[in-house]
Amino acid sequence: MFLFDDLAKIQLVDVIEFLGTIAFAISGIRLASAKRFDWFGAIVIGFVTATGGGTLRDLLLDVPIFWTQASRYIWCTLFAFLIVLCFRKFLVHLNNTIFWFDCIGLGLFVVVGYEKALALDYPVWVCVSMATITGIVGGMIRDILINEVPIIFTQELYAVACILGGILFSILHYLNVDLAVIEISTAVFVVVIRVLATKYRLKLPILKGED
Amino acid sequence: MFLFDDLAKIQLVDVIEFLGTIAFAISGIRLASAKRFDWFGAIVIGFVTATGGGTLRDLLLDVPIFWTQASRYIWCTLFAFLIVLCFRKFLVHLNNTIFWFDCIGLGLFVVVGYEKALALDYPVWVCVSMATITGIVGGMIRDILINEVPIIFTQELYAVACILGGILFSILHYLNVDLAVIEISTAVFVVVIRVLATKYRLKLPILKGED
Amino acid sequence: MFLFDDLAKIQLVDVIEFLGTIAFAISGIRLASAKRFDWFGAIVIGFVTATGGGTLRDLLLDVPIFWTQASRYIWCTLFAFLIVLCFRKFLVHLNNTIFWFDCIGLGLFVVVGYEKALALDYPVWVCVSMATITGIVGGMIRDILINEVPIIFTQELYAVACILGGILFSILHYLNVDLAVIEISTAVFVVVIRVLATKYRLKLPILKGED
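Residues numbered from 1 in each chain as written. Chains lettered and ligands numbered in written order. Predicted model: local features only at pLDDT ≥ 70, side-chain atom pairs only at ≥ 80, totals over all residues. Heavy atoms only, no water.

## Section: the relation of the copies chain A and chain B
Each copy superposes on the other: chain A lies on chain B with an RMSD of 0.0 Å after a rotation of 120 degrees and an axial shift of 0.0 Å. Such a combination of turn and shift is consistent with a three-fold rotation axis. Little of the interface of chain A is mirrored in chain B, where only 13% of its interface residues are also at the interface. (Least-squares fit on C-alpha atoms with pLDDT ≥ 70 in both. Contact = heavy atoms within 4.5 Å.)

## Details of the packing of aromatic side chains
In this structure the tally under the stated criterion is 18 aromatic pairs over all chains. Centre to centre, the rings of Phe-18 of chain A and Phe-79 of chain A are 6.2 Å apart; their planes meet at 25 degrees, and the pair counts as stacked. Separated by 61 residues along the polypeptide, Phe-18 of chain A in helix 2 (residues 12-34) and Phe-79 of chain A in helix 4 (residues 72-91) bring together distant segments of the chain. Under the relative-accessibility criterion, Phe-79 of chain A is labelled partly exposed at 33%. Judged by centre distance (5.5 Å) and plane angle (65 degrees), the rings of Trp-39 of chain C and Phe-81 of chain C are edge-to-face. With Trp-39 of chain C in helix 3 (residues 39-61) and Phe-81 of chain C in helix 4 (residues 72-91), this residue pair connects regions lying 42 residues apart in the sequence. Overall, Trp-39 of chain C belongs to the partly exposed group, its relative accessible area being 30%. Note on Phe-81 of chain C: relative accessible area 6%, which makes it buried. (Phe/Tyr/Trp six-rings, centres within 6.5 Å; stacked < 30°, edge-to-face > 60°. Helix = DSSP H or I, 4+ residues; strand = E, 2+ residues; numbered from the N terminus. Buried < 20%, exposed > 50% of the residue type's maximum accessible area, 1.4 Å probe, protein only.)

## Structural notes on the UniProt feature "domain: Glycine transporter" (unreviewed entry) in chain A
UniProt annotation of "domain: Glycine transporter" (unreviewed entry) refers to residues 15-88 and 100-173 of chain A when read in the numbering used here. Within the segment residues 100-173 of chain A, helix and strand shares are 78% and 0% respectively, and the terminal C-alpha atoms sit 27 Å apart. (UniProt positions renumbered as here; feature names shortened; annotations may be inferred.)

## Concerning the side chain of Thr-77 of chain A
Residue and element names in this part refer to chain A. In this structure, Thr-77 sits in helix 4. The class of Thr-77 is buried, set by a relative accessible area of 2%. Setting aside anything within four residues of it in sequence, one finds Thr-77 in contact with Ala-25, Ile-29, Ile-43, Gly-46 and Phe-47.

## Let's talk about the interface of chain A and chain B
With 31 residues of chain A at the interface, the matching set in chain B holds 26 residues. Taking both partners together, chain A and chain B bury about 2600 Å²; carbon and sulfur atoms supply 70% of that area. Linking chain A to chain B there are zero salt bridges. Inspection of the region where chain A meets chain B yields two residue pairs in polar contact (both at pLDDT 80 or more). Those elements giving two or more residues to the side of chain A that touches chain B turn out to be helix 2, helix 3 (39-61), helix 4 and helix 6 (124-145) of chain A. Among the elements that take part in the side of chain A that touches chain B, helix 3 of chain A stands out by supplying eight residues, more than any other. Classifying every residue of the side of chain A that touches chain B by side-chain character gives 19 nonpolar, seven polar and five charged. (Buried area = accessible area lost by both parts, 1.4 Å probe. Salt bridge = Lys/Arg side-chain N within 4 Å of Asp/Glu carboxyl O. Polar contact = N/O pair within 3.5 Å; in protein donor to acceptor, adjacent residues only side chain to side chain. Nonpolar A, V, L, I, M, F, W, Y, C, P; charged D, E, K, R; others polar.)

## A look at the interface of chain C and chain A
Across the contact, 31 residues belong to chain C and 27 residues belong to chain A. Roughly 2600 Å² is buried in total at the junction of chain C and chain A, and carbon and sulfur atoms are behind 70% of that figure. Run the count over chain C and chain A and you get zero salt bridges. Across the contact surface, chain C and chain A share two residue pairs in polar contact (both at pLDDT 80 or more). Those elements that provide at least two residues to the side of chain C that touches chain A are helix 2 (12-34), helix 3, helix 4 and helix 6 (124-145) of chain C. Element by element, the count of residues in the side of chain C that touches chain A is highest for helix 3 of chain C, at eight residues.

Structure (structure tokens):
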């Protein structure tokens, strides 16, 4: 009941953030399930995946942690858990859908992270760092907790997409482009990079060391 | 000398916290020893296990970190190390005693975490989150440092006990029950859940995913 | 261009910090390369290795995070990456040089960490803790991200050198020794301990537990 109530008073950007949070939570819950964590463990991993990046960003910027200011992030995670619980048989075939959610979430999180630092008058490189941290740290903590090497270090242009998105935001902001246009361009740009990188298996070269 | 001095000016709740800190520190030191860490590494792991949860809580709530405000947490850890050093041959048979200390520590840490958030006028879900974080994060960091999947994701109702304890605290607080009664009830409740869950191997179901 | 500009306006202590940051970044980049991370992943690991300790220190002390206040830490990391990229064939033979950089960086980071806590009027044990955290946490996060047991738990007197350095700083400061003398003595002391410990394979005993 109050979940829908929550949904009623929020705006378009919140809807996209809602989808992004759910997508990240689902990815965490499914990975935890594959590792045979129990229900509660899976919910914890889902919550950490969805909120970890924003939490570190808010800690570094010394502002109130976003998920202590509104309850909807906890409801999103529980909702994501219900989705996985009800549709787990179909979710394997839904991987494509989840990939899109994850991309859109990443794009939006980059925009949110950049704007939070910008509002505090930080210089460009801090804004780009915070955009990247918001996008990737949740997944990194998830992978540390399930004792794997973070996937962002192996997936195609995951973190690079965040940085490039942050740089595009900086350029458009410097050119005094309208904020709504910047937001949409940046989010779309991040999504496009991820989609192309995944489709064509684009990767950065590997530094060969000792061999 | 000054350790006993420290002990003289503290209250009952501090004594229980003292026991909880020692119990958590002992569990960290013993796990580190099993991984063949040296003395200092074991002390570091012990300190992190005992203080990690409260540290993250204080970071998230943006209040001064508790162990920078009083030296007794460092003395507790060194004392725990001495205990392990002197009684390591008997400690294997003391596992039951340590389990009780750990349970009591968990119960007390839940109360401490809840009250810290409550004192800052945070809503119920934040208080419950902080209670849980105070109880479980120390053990999570310990397990990450020794490169294992955090035990809270595999042990019986470990984190669930914290959440249920937090919910009981919320209900009793809503009903205007006397604070001392709430504190004791919550701590005892957490201990009872853990003891029963361990005795009867109660577990939450596992989400089966891809198979 | 602006890198040299940056260098021009900084002091001797900044030059040593610059070398320390580069040394830590190089160690992170080389370890990440050995794990077959791509370029960007290697840069991230390098940056985290060089700045992780100071970041946790600033979070715990609740002061602005140092690398959000000046861009040179990001330039240092990129510069370290270029060094590894250009000289990777020679870097294997440069291990000795890197070891010295790493030692000097450690010594300097201990001094920086101690002074930051001292300037905020924290008691001695907090200053020593912050000195140690500044020195070791970057390497710990690096090892967690590449999914290894942190090297500080296995290398000779790594963290112990930081603590002893912090204690020396405390004693000299208590004796009202001139600050510049304290800084140099502490840094040299840490370096000497590390060099001797590595040369003579000095180790703390291991706590044998269950066996």
